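# Fold and geometry: a report
The lines below spell out each chain.
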Amino acid sequence: MREIVTVQVGGYANFVGSHFWNFQDELLGLAEDPHSDPIFKNQCVDMDVIYRTGETQKGVLTYTPRLVSVDLQGSLGSMSSSGTLYSEFSPQPSDVVTWTGRVSTHESEPRNKNLFLQSLYEEEQERSGMMNGINSGKSDFHSQFRNSDITECLESGVKFWTDYSKVHYHPQSLYELKTDNQEFDNYGLGRDAFIEGLQGEDLNDRLRFFLEECDHIQGFQFIVDDSGGFSGVAAEFLENVADEYTNIPVLLYSVRDPRFYMTPRSRKQTILQNLHDAVSFSRLSSFCKLYVPAGLPSLGRSNASRFLRIDDKKPYHSSAVYASALHSISLPFRMEPLGPTAESCYVSGSIDVNGVIQMLSGQARQNMVTILDVAMPAPSLTGEQTEQYLLGNLHPLTPEIAEDVEDVQALEFMTIHGALGSGRHRALVSEVKDRIVADYEHAVSRPKFSHLAVASCPLPIPLPFPSIFGNLVGKQGELLETLISGNPSRGSLDVHSIPIAARLRSSSAVLPFVENRLVNLRRFGIQRGAPGTELLRSWGFGKEELEDIGESMSKMVKTLDPSSQASSDSD
């Protein structure tokens, strides 16, 4: 067994994670459904890599994500921090009285479940009744009418990431961070929150719980909302992980909500944010083996959303795209090791976390900041329109990168699954490989090295997935030549699965991302008379440490572009 432990830190990271786990839950359900497409019964994916088996106090077997999720207190909506599977014992008031003063009890009203969560509860109650020999008479609970009501409710009413989560979590998974700071918008506040009240120790204990039951862990998958205080929480958490689990590699995705870029800022707030970004990037990247920034200022207006209709004001929308890319890029970590015959039919290119890290950051360049690209949906292998060839439809989800960069040292790790061939049939693994080889031969530039993983199973679109597909996307995610009439935004009732391609790219195109942070750190935090020196000191960074951070980022810049002068001191 080669387990992966996932850690989600921050509000937007949990929005992404909620979609990610919904995909896994949907795949598990389709694999057991006798009426589902046979392709879902031959996934050749080992879910035990990211899931754990357990048992409730009543002896009921459970299967829950190997996950630690961190968010602010009150962020779970109608969900309890102990989850829903494990009934926690609620202590009754003690008969022993040691306090003679007045006692008052304050209870907050539980939040009401939305239509989707109500439907999940009723469906589970019905399933439980049928298992116990009770027939409620409610056959086909999810009728078309109810499903349309549910999707409409989600489109207009998602406030918490738990509002659309259809997954059961272990009581050790969900952690609500306590902080007195309402803003929680910078690195220093997150660092303080982790240290105060032994909250850091609590998180370490929860992570240890999942690690101790692993046979042979292959790595950590961190998803971090790095836009505010949670980057400080994650950095402190990661530092503990690095000290205690030295040989376990960390793959880190830093994600940002498009709404972050919509807030107008004063010059003082801009300086604070620039310093936060520089420090956050330096600290987070120093404790992981591969750092993947993902979070465009406007996902809805980006090339990645060419066939999508994203409302940037809805984290429910944008997080679905990032989760889709993360699911796809992590798929090879879970592919079952199969023989040549089976592998050629369903999957190819299985690799573990350390293998990808060595591939992208262990080469001569030693670059550990990579670009995340996605094609969603991926075009068919026989698309008649020349602009629909697959490589040309991979677009970046990483911000602040250079375009049309020819880098002879570039390295790539790509996953394609559910690709469609002629007649809208699922393409064979061998056909996908041949097409990519042909595409590279006609490409303007080719990477120095590329690893391709292929799977026949597409990305399933579960009921709570947002209505973000345009009316050129068909039922199986095929790209149509004519628009479908009716609602221009299509969801799970119209699109059941999609082919998707995702790619991690080690390229000098990421140079502006690193350079911008180095320049801002020097300008606002290190140079003589810099306006942010006192602010950084309040975050715990002295002059020498800041200079070390600057030198570290300078080395990254030199690695990406040896001719760059960004490493020289400027006055």
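Please read all numbers here as calculations on a predicted model, not as lab measurements.

## Focus: the overall build of the protein chain
The secondary structure content of the protein chain amounts to 14 helices and 16 strands. Here the protein chain holds 571 residues, and the buried ones make up 55% of them. Across the protein chain, every contact between residues at least 6 apart in sequence was considered, and the portion connecting residues at least 24 apart equals 79%.

## Points about the pattern of salt bridges
Applying the stated criterion across every chain, the model contains 19 salt bridges. In this structure, the salt-bridge partner of Arg517 is Glu400, at a minimum N-O distance of 3.0 Å. Residue Arg517 is located in helix H12 (residues 511-526), and its partner Glu400 is located in the loop between strand E11 (395-396) and strand E12 (411-417); the two are separated by 117 residues in the primary sequence. We classify Glu400 as partly exposed; its relative accessible area is 34%. Across the pair Glu534 and Arg537 runs a salt bridge, and its minimum N-O distance is 2.4 Å. Here Glu534 pairs with Arg537, and both are found in helix H13 (residues 533-538), just three residues apart, close to one helical turn. Sharing partners across several salt bridges, the network here consists of Asp373, Glu412, Arg503 and Arg505.

## A look at the nonpolar core
Met376, Leu397, Phe413, Phe469 and Leu504 are the most contacted members of the largest nonpolar core, which has 77 residues in total. Broken down by element, the residue count for this core peaks at nine residues, all from helix H1 (residues 11-32). Other than its neighbours up to four places away in sequence, Phe469 contacts Phe307, Leu308, Arg309, Met376, Ile461, Pro488, Ser489, Arg490, Val495 and Ile498.

## Topic: the packing of helix H4 (residues 187-195) against helix H6 (residues 230-244)
At their nearest, the axes of H4 and H6 sit 6 Å apart, and the two run at 50 degrees to each other. When the axis of H4 is compared with that of H6, the two are oblique. The chirality of how H4 crosses H6 is right-handed. On H6, the residues touching Tyr187, Gly190, Arg191 and Phe194 of H4 are Ser231, Gly232, Val233, Ala235, Glu236, Phe237 and Asn240. By residue class, the composition of the contact of H4 with H6 is five nonpolar, four polar and two charged.

## Quick notes on the sheet that holds strand E10 (residues 371-375)
Read from one edge to the other, the open sheet built from six strands follows the order E9-E13-E12-E16-E10-E11, with strand pairing classed as mixed. Of all strands in the sheet, those with a lone pairing partner are strand E9 (347-348) and E11, marking the two edges. Helix H10 (residues 353-361) rests against E12, strand E13 (449-455) and strand E16 (500-506) of the sheet, and its axis sits at about 140 degrees to E12.

## Section: the sheet that holds strand E6 (residues 219-225)
Ordered by their spatial adjacency, six strands build an open sheet running E5-E4-E1-E6-E7-E8, and the pairing between neighbours is parallel. In the strand order of this sheet, the two ends are held by strand E5 (174-177) and strand E8 (290-294), each with one partner. Strand-to-strand, the axes of this sheet are offset by a mean angle of 15 degrees, without reference to chain direction. Note that strand E7 (residues 250-255) and E8 share five bridges and pair parallel. Opposite Ser254, over in E8, you have Pro293 as the bridge partner.

## Some details on the environment of Ile401
Looking at the element boundaries, Ile401 is found in the loop between E11 and E12. The spacing of Ile401 and Ile371 is 30 residues in sequence and 8.3 Å in space, taken between C-alpha atoms. Not counting chain neighbours up to four residues away, the residues in contact with Ile401 comprise Ile371, Pro396, Arg505, Ala509, Val510 and Pro512.

## Some remarks on the confidence of the model for the protein chain
Averaged over all residues, the pLDDT of the protein chain is 88; the fraction at 70 or higher stands at 88%. Predicted confidence is poor over residues 88-96, with pLDDT under 50, and the contacts of this stretch with residues over four places away or in other chains come to two contacts. Across residues 135-145 the pLDDT falls below 50, and counting only partners more than four positions away or on other chains, this stretch makes 15 contacts in the model.

## A closer look at the packing of aromatic side chains
Aromatic ring pairs are defined here through the distance separating the ring centres and the angle between the ring planes. Applying the stated criterion across every chain, the model contains 20 aromatic pairs. Ring plane angle 20 degrees and centroid distance 4.8 Å describe the contact between Tyr51 and Tyr63, whose orientation is recorded as stacked. Of the two residues, Tyr51 sits in strand E2 (residues 51-55) while Tyr63 sits in strand E3 (residues 61-65), which places them twelve residues apart along the sequence. We classify Tyr63 as partly exposed; its relative accessible area is 29%. The ring of Phe260 has Arg256 sitting right over it, with the charged end atom 4.7 Å from the ring centre. One Lys or Arg, Arg265, reaches over the ring of Phe260 and ends 4.4 Å from the middle of that ring.

## Digging into the side chain of Ser361
Examined against the element boundaries, Ser361 turns out to sit in helix H10. Take Ser361: its relative accessible area is 11%, and that puts it in the buried class. Among residues more than four places away in sequence, those in contact with Ser361 are Lys289, Leu290, Gln366, Asn367 and Met368.

## A closer look at the environment of Val7
By the secondary structure assignment, Val7 is in strand E1 (residues 4-9). A sequence separation of 61 residues divides Val7 from Val68, and the C-alpha atoms of the two residues are 4.8 Å apart. Here Val7 is in contact with Val68, Leu207, Gln221, Phe222, Ile223 and Phe237, once residues within four sequence places are set aside.

## Here we look at H6
Counted at 1.5 Å a residue, the expected span for H6 with its 15 residues is 21 Å, and the 21 Å between its end C-alpha atoms agrees. Considered for burial, the residues of H6 that qualify are Phe230, Ser231, Gly232, Val233, Ala234, Ala235, Glu236, Phe237, Leu238 and Val241.

## A short note on unusual backbone geometry
In the segment running from Met376 into Pro377, the intervening peptide bond is cis, with an omega of -10 degrees. Among the structural elements, Pro377 can be located in the loop between E10 and E11. Despite not being glycine, Phe184 has its phi angle at roughly 50 degrees, a positive value. Not every positive phi belongs to a glycine, and Leu198 is a case in point at roughly 60 degrees.

Thresholds applied
Residues numbered from 1 in each chain as written. Predicted model: local features only at pLDDT ≥ 70, side-chain atom pairs only at ≥ 80, totals over all residues. Heavy atoms only, no water. Helix = DSSP H or I, 4+ residues; strand = E, 2+ residues; numbered from the N terminus. Buried < 20%, exposed > 50% of the residue type's maximum accessible area, 1.4 Å probe, protein only. Contact = heavy atoms within 4.5 Å. Salt bridge = Lys/Arg side-chain N within 4 Å of Asp/Glu carboxyl O. Core = buried A, V, L, I, M, F, W, Y, C linked by side-chain atoms within 4.5 Å. Axes fitted to C-alpha atoms, helices over the stretch in contact; angles between N-to-C directions. Parallel < 35°, antiparallel > 145°, perpendicular 65-115°, else oblique. Left-handed = near helix turned anticlockwise from the far one by under 90°. Nonpolar A, V, L, I, M, F, W, Y, C, P; charged D, E, K, R; others polar. Pairing = 2+ DSSP bridges. pLDDT = per-residue confidence, 0-100. Phe/Tyr/Trp six-rings, centres within 6.5 Å; stacked < 30°, edge-to-face > 60°. Lys NZ or Arg CZ within 6 Å of the ring centre and 35° of its normal. Expected span 1.5 Å × (residues − 1).

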